[in-house]
Amino acid sequence: MEIQGEYLIAGPRERVWDALNDVDILRECIPGCESLERVSDSELQAVVMAAIGPVKARFNTKITLENLRPPESYTMVGESKGGAAGFGRGTATVTLTESVDSTELHYSADFRVGGKLAQVGSRLVLGATRKIADDFFGSFSRKLDAGAVRVEVHGGAGRQPAPASRTWLAIGAALLVLLIWWFLLR
Amino acid sequence: MYEFNYHRPTTLAEAKTLLESNADAKLVSGGMTLLPTMKLRLARPTDLVDIGNIRDLGGIRVDAKNVEVGAAVRHAEVASSADVRKAIPALSDLAGLIGDPQVRNRGTLGGSIANSDPAADYPAAVLGLGATIRTDRREIAADDYFLGMFETALEPGEIVVAVRFPRAKRAAYAKFPNPASRYAVVGVFVAETGAGIRVAVTGAGACAFRVPEMETALGRKFAADSLDGIEVDAAELNGDLHASPEYRAHLVGVMARRAVSAAGG
């Protein structure tokens, strides 16, 4: 199940994009992150101490940045192996949209667990994902802009019409231009 | 299992010292959540401080106004106590519905509310009755206690000593249990105490929460049909392979009606 959230951060989109690729900033914002190092351009290695309820365990996590479209969006894929307990895999797609003097950060995150971890914890996955994603993106946004606010999102549907109508507008405009040309050249 | 130090203090002061002197020490009461977690290696405390032998944490005390249950009192004890049954029958019903006989004979009230699992039963009674949580350093009102998933107002090292439940004029707990684990997919505790009517839900959200619209409606008329048309927003509710957030939202309404009927409404 996907979790979505949106934050409004003051400042240009490039600044937010740079921060999303800044290892030091990410390290400070990932809850329980003990170390984070860049392995390659798109790969990071993290050690995360997960402390939620009765669980307190250290996970080695490989983070890959996929679908890089600077300065607009990327997908962060995290994979952890918890030894005998099983494994966890999470993805978060982050999209940045420019508005007047601020940037809208939209994320959509998903997390899955496997092995024994799933047997005992599947009922907790949604809640835990919501909490971790909000902790991360919340502190990330506030780091860039102390007054950053979480914007209410009503499902994914609410966001779709804007780009769609813009596309139709573009098609309409193009048609209009073609029609005018056609009349003029006749 | 792996190696850890096991302590069994007999006083609260001793338990506090043990907890403070070992950074990775953990309190254990019934161990119904902590032990399975340790077996999975998802927690590896160096020291376990067993609080089951501390006299101050035991016992059930009933007076004209309240039922006070010690933190180390097991669910089976609450379920079978004649005094609790007489004072707040809904509380003994709830305790009798927790998990299976093994869990009820090991698990404790303090352990349940300190852990604050989103699907635990006791938080519904604590919040539904507007109980007071007594710790080694202060008293916390139920309304200020449950903060989120596995998150409570307890500070690091703070120990729950007892919970004081006010007697109710009428109260009932209805739950839709997971058929395998008996955890509450959704559980609703409805109560009318001297302080008014309260409706508390467990299993559905990150932690136990109240439904003010239902409380107002029941205040006008304490009957199941007063709740008709009141919907709970599914947006922040839990979802898993057993029940989606929307289904849980629906179950809150169904369980609330059943609880009101069982309480005589």
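Residues numbered from 1 in each chain as written. Chains lettered and ligands numbered in written order. Predicted model: local features only at pLDDT ≥ 70, side-chain atom pairs only at ≥ 80, totals over all residues. Heavy atoms only, no water.

### Thoughts on the overall build of chain A
Thinking step 1. Of regular secondary structure, chain A possesses four helices and eight strands.
Thinking step 2. Order of helices (α) and strands (β) in chain A, N terminus to C terminus: β-α-α-β-β-β-β-β-β-α-β-α.
Thinking step 3. Counting only residues that meet the buried cut, chain A has 40% of its 186 residues in that class.
Thinking step 4. Put simply, 49% of the contacts in chain A that link residues at least 6 apart link residues at least 24 apart. (Helix = DSSP H or I, 4+ residues; strand = E, 2+ residues; numbered from the N terminus. Buried < 20%, exposed > 50% of the residue type's maximum accessible area, 1.4 Å probe, protein only. Contact = heavy atoms within 4.5 Å.)

### Overview of the sheet that holds strand E11 (residues 170-177) of chain B
Residues and elements named next belong to chain B.
Thinking step 1. Spatial strand order, E11-E12-E13-E14: four strands in an open sheet with antiparallel pairing. Two strands close off the open sheet at either side, each with one partner strand: E11 and strand E14 (209-210).
Thinking step 2. Taken together, the seven bridges between strand E12 (residues 184-193) and strand E13 (residues 196-202) define a ladder with antiparallel strand orientation. Bridging across to E13, Glu 192 finds its partner in Ile 197.
Thinking step 3. Sheet strands in contact with helix H11 (residues 245-262) are E11, E12 and E13, and its direction is about 40 degrees off that of E12. (Pairing = 2+ DSSP bridges. Axes fitted to C-alpha atoms, helices over the stretch in contact; angles between N-to-C directions.)

### Quick look at the pairing of E12(B)
Residues and elements named next belong to chain B.
Thinking step 1. Where burial is concerned, most of E12 is hidden: 10 out of the 10 residues are buried.
Thinking step 2. Note that E11 and E12 share eight bridges and pair antiparallel. Its bridge partner being in E12, Arg 170 is matched across the sheet by Glu 192.
Thinking step 3. Where E11 folds back on E12, the antiparallel hairpin that results is connected by six residues, among which Arg 182 adopts a positive phi of roughly 70 degrees.
Thinking step 4. Remark: two residues form the turn of the hairpin made by E12 and E13, two consecutive strands paired antiparallel.

### Here's the deal with the pattern of salt bridges
All names here are of chain B.
Thinking step 1. Applying the stated criterion across every chain, the model contains 30 salt bridges over all chains.
Thinking step 2. A salt bridge links Glu 155 to Arg 137; the shortest N-O distance between them is 3.2 Å. Of this pair, Glu 155 sits in the loop between strand E9 (151-152) and strand E10 (160-166) while Arg 137 sits in the loop between strand E6 (132-135) and strand E7 (139-141), and the two are 18 residues apart along the sequence.
Thinking step 3. For Glu 155, a relative accessible area of 40% corresponds to the partly exposed category.
Thinking step 4. Via salt bridges that share partners, Lys 16, Asp 136, Arg 137, Arg 138, Glu 155 and Glu 158 belong to a single interconnected network. (Salt bridge = Lys/Arg side-chain N within 4 Å of Asp/Glu carboxyl O.)

### Details of the interface of chain B and chain A
Thinking step 1. With 25 residues of chain B at the contact, the number on the chain A side is 20 residues.
Thinking step 2. In total, about 1,800 Å² of surface goes out of reach between chain B and chain A, with carbon and sulfur atoms giving 63% of it.
Thinking step 3. For the pair chain B and chain A, the interface holds three salt bridges.
Thinking step 4. Residue B:Asp24 is joined to A:Lys56 by a salt bridge in which the shortest nitrogen-to-oxygen separation is 3.0 Å.
Thinking step 5. Scanning the region where chain B abuts chain A turns up eight residue pairs in polar contact (both at pLDDT 80 or more).
Thinking step 6. Among the residues making up the side of chain B that touches chain A, the classes are represented as 12 nonpolar, five polar and eight charged. (Buried area = accessible area lost by both parts, 1.4 Å probe. Polar contact = N/O pair within 3.5 Å; in protein donor to acceptor, adjacent residues only side chain to side chain. Nonpolar A, V, L, I, M, F, W, Y, C, P; charged D, E, K, R; others polar.)

### Quick word on helix H5 (residues 89-97) of chain B
Thinking step 1. All of the buried residues in H5(B) are B:Ala90, B:Leu91, B:Ser92, B:Leu94 and B:Ala95.
Thinking step 2. Immediately beyond the C-terminal end of H5(B), within one or two residues, lies B:Gly99, with a positive phi of roughly 45 degrees.

### Observations regarding the domain arrangement of chain B
Residue and element names in this part refer to chain B.
Thinking step 1. For chain B, the assigned domains are domain 1 (5-54) and domain 2 (58-262).
Thinking step 2. The centre of domain 1, based on its C-alpha atoms, is set 25 Å off from the matching centre of domain 2.
Thinking step 3. At the junction of the two partners, domain 1 supplies 11 residues and domain 2 supplies 13 residues.
Thinking step 4. Counting the surface lost from both domain 1 and domain 2, the interface buries some 980 Å², and carbon and sulfur atoms represent 65% of this.
Thinking step 5. For the pair domain 1 and domain 2, the number of links is one salt bridge.
Thinking step 6. Of the charged contacts in the structure, one is a salt bridge between Lys 16 and Asp 136, with a shortest N-O distance of 3.5 Å.
Thinking step 7. Where domain 1 meets domain 2, there are two residue pairs in polar contact (both at pLDDT 80 or more).
Thinking step 8. No other element matches the four residues that helix H1 (residues 12-21) contributes to the side of domain 1 that touches domain 2.
Thinking step 9. Here the residues of the side of domain 1 that touches domain 2 sort into seven nonpolar, three polar and one charged. (Domains from an automatic or database assignment.)

### Describing the nonpolar core
Thinking step 1. Judged by nonpolar contacts, the single largest core of 40 residues is most densely connected at B:Ile113, B:Tyr122, B:Val126, B:Phe165 and B:Phe189.
Thinking step 2. Sort the elements by how many residues they give to this core and helix H8 (residues 122-128) of chain B lands first, with five residues.
Thinking step 3. Look past the residues within four positions of B:Ile113 in its chain and what remains in contact with it is B:Tyr122, B:Pro123, B:Val126, B:Ile133, B:Tyr145, B:Phe146, B:Thr152, B:Val160 and B:Val163.
Thinking step 4. Within the second largest apolar cluster, 34 residues are counted, among which are A:Tyr7, A:Leu44, A:Tyr74 and A:Val94. (Core = buried A, V, L, I, M, F, W, Y, C linked by side-chain atoms within 4.5 Å.)

### A look at the packing of aromatic side chains
Thinking step 1. In total, this model carries eight aromatic pairs over all chains according to the counting rule given.
Thinking step 2. The interplanar angle of 90 degrees and the centroid separation of 4.8 Å between the aromatic rings of B:Tyr145 and B:Phe146 together place this pair among those described as edge-to-face. The pair B:Tyr145 / B:Phe146 is uniform in exposure class, with both members buried.
Thinking step 3. Stacked on the ring of B:Tyr183, the Lys or Arg A:Arg123 has its end atom at 4.0 Å from the ring centre.
Thinking step 4. Taking NZ or CZ as reference, B:Arg170 lies 4.0 Å from the ring centre of B:Phe222, over its face. (Phe/Tyr/Trp six-rings, centres within 6.5 Å; stacked < 30°, edge-to-face > 60°. Lys NZ or Arg CZ within 6 Å of the ring centre and 35° of its normal.)

### Considering H1(B)
Residues and elements named next belong to chain B.
Thinking step 1. For H1, every residue scored as buried is listed here: Leu 12, Ala 15, Leu 18 and Leu 19. Down the axis of H1, the smallest arc covering the buried residues is 125 degrees, so these residues share one side. When the buried face of H1 is taken as reference, the exposed residues oriented beyond 90 degrees from it are Ala 13, Thr 17, Glu 20 and Ser 21.
Thinking step 2. Close packing links the buried residues of H1 with strand E1 (5-7), strand E2 (25-28), strand E3 (47-50) and E10. (Arc of directions from axis to C-beta.)

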